[in-house]
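Each chain, letter by letter, is given below.
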Amino acid sequence: MHDAHPARHRPARIVDAHVHLGHFRNFHIPQNDVDGVVAAMDAMGIDVAVVSAHAAISSDVVYGNDLVLEAMARRPDRIVGYCVVNPNYPDSVTGELERCFEHPGFRGVKVHPELHGDHPLDSRAYRPMWEFAAERGLPVLSHSYFGGDSLDVFGQLAERYPTAQVILGHAGQDFPMDDVVALVENHDNVWLDLCGALSNDGAVDALTGALGSTRILFGSDLPFVNGALQLGTLLYSRLTAEQVADIAYRNAERLFRVARR
Amino acid sequence: MNVMPSEADPLDPAGGEGPVAGPGVSFLDCGVHIGRRSGAQWTANRLLTAAGLLAELDRVGIDAAVVHHTLAREYSPRIGNELLADELPGDDRLLPAWLLLPHHTGEFPRPEEVVARMREAGVVMGRLHPSTDAAAHRFLLAEWVVGPLLDELERSGIPVALDFHLFRRAEPPWAVLHEVLRHHPGLKVILMEVQGRNNRTLYPLLERHDNLYVQSAGFNVHRGIEDFVARFGAERMVFGSGYPERSMGAARFHLETADISAADKQRIAAGNLRALLPRANDVAEVAHHA
């Protein structure tokens, strides 16, 4: 294959802010364990992945967080974790966060309101999570497509917990782009992760044109989907090399404390 | 216009199998379109001319593409197909494809006439968009609807791309697809945009029907190319991006980074589709006798 095509960006490093792990009941995912995930990262040149387990967002949250612990133990050089909390077990939220964050590999919190029964992100059950994240200045990644929580809710939570870092997984791609841009412009602690949005050619170019590149994160959603189809869209975009570097790794390095030593 | 791979084959500069790695590798994209799309948010909305498409092929490093017209998918297949003939520049790198409808409403001629016109125009592929999705053409992919058209395509050797306009979590109409493949074992069918959630039904369908092929970038599965090739061989997948909705560069990156042999990558990149397309001589001969 053409190994050095000039149109392809080659950032110095790539950090993937939205990665999963394991089986998903709804469909077949080949090679979905940590070795399969790292093999895909190697093939694409992804250095570090921030991972939550499918089991945690769609089944047993403790079992899923344990899978991430095992993955971090197996590949501490490549994997850091999101701790998932399940609002359907409100009494366990704080305890699960404390259990996870005893391990230094966990760098953020992941929530999936849709798969957890459309539990509103601003409901009482999530409150301990937001307080925990705000106290520690943690990133909180929330799924944000197919409706669910409105952009207003994301904005209100960002205002209520200004030291928490709020990441819209899938960049809010089912909302008007202008409204998503306004949300980020109006809240210093709101970030966008691109997975899903990168399925459309031109989306990252338009988003970066409107917003700049400093609060956009590369995310692939692998192994839920094929990571190369997401990353390739970024690497073959018409952004500048500096913009691609921000999105590919600089922003995530700061947010998840995964800077190269 | 010489639209077919023939003596001086732009898709196969080395001739024969071609090199399996290195700068001589060719990419042939099975599905792109030109024109002015209705557009949407979160996509690049612009008029894509044939010249613009050629520029993108050059930018990304794709050698050639099978092209249909946006107006044929978004407005009228007949009118869009006619515009395609006007707008393609006679460049050997852009191979025309037509959107097709069944003939029963009178919007399209009878199948034998359609296929004769396709051959006369050097059209290398037919496309069917049979979903009830509002963006598609809303007919059932059943024998009593499309059987006569598929009979003619099967006889002609012109492959057909099926695009069901699947939205994220959707799946193709498996039962009718299975029946079509069973009734037309000689028809080469390329399943476009099958997405990532359908292996549990797609795989047994591929096992049953040797005439079913899958577009590469539409197969949005983690380690999917690797898994597919291990099970079915590289021969059943053809390179295709879905540009301009999808990124042509991403389609290339997807194949380039797959953990399969260089020879298999070359087959998927261009060899398989090249083998599926009717040859220039076939078209000329048929057109002469039509």
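Here, every reference points to the structure presented above.
Now for a description of the structure that goes with this document. Because the structure is predicted, anything quoted here is derived from the model rather than measured.

**Describing the overall build of chain B**
- Scanning chain B from N- to C-terminus turns up 11 helices and 9 strands.
- The buried share among the 290 residues of chain B stands at 51%.
- Within chain B, counting contacts between residues at least 6 apart in sequence, those at least 24 apart form 73% of the total.

**Notes on helix 8 (residues 224–232) of chain B**
All names here are of chain B.
- Taken together, the buried positions of helix 8 are G224, I225, E226, F228 and V229.
- Buried residues belonging to helix 8 abut strand 9 (237–238), helix 9 (248–256) and helix 10 (262–276).
- Phi turns positive one or two residues past the end of helix 8, at G233, with a value near 85 degrees.

**What about the sheet that holds strand 6 (residues 160–163) of chain B?**
All names here are of chain B.
- Pairing in this open sheet of 9 strands is mixed, and the strands run 2-1-3-4-5-6-7-8-9 from one edge to the other. Each end of this open sheet is capped by a strand with a single partner; those strands are strand 2 (47–48) and strand 9.
- The pairing of strand 7 (residues 189–192) with strand 8 (residues 212–215) spans 3 bridges and is classified as parallel. Its bridge partner being in strand 8, L191 is matched across the sheet by V214.

**Details of the sheet that holds strand 8 (residues 216–217) of chain A**
Residues and elements named next belong to chain A.
- With respect to topology, 8 strands assemble into an open sheet ordered 1-2-3-4-5-6-7-8, the strand pairing being parallel. In the strand order of this sheet, the two ends are held by strand 1 (15–19) and strand 8, each with one partner.
- As paired strands, strand 5 (residues 139–143) and strand 6 (residues 165–169) are joined by 5 bridges and run parallel to one another. Among the inter-strand pairings, L141 is bridged to a residue of strand 6, identified as I167.

Cut-offs and rules
- Residues numbered from 1 in each chain as written.
- Chains lettered and ligands numbered in written order.
- Predicted model: local features only at pLDDT ≥ 70, side-chain atom pairs only at ≥ 80, totals over all residues.
- Helix = DSSP H or I, 4+ residues; strand = E, 2+ residues; numbered from the N terminus.
- Buried ≥ 20, exposed ≤ 12 C-beta atoms within 10 Å, placed from the backbone.
- Contact = placed C-beta atoms within 7 Å.
- Pairing = 2+ DSSP bridges.

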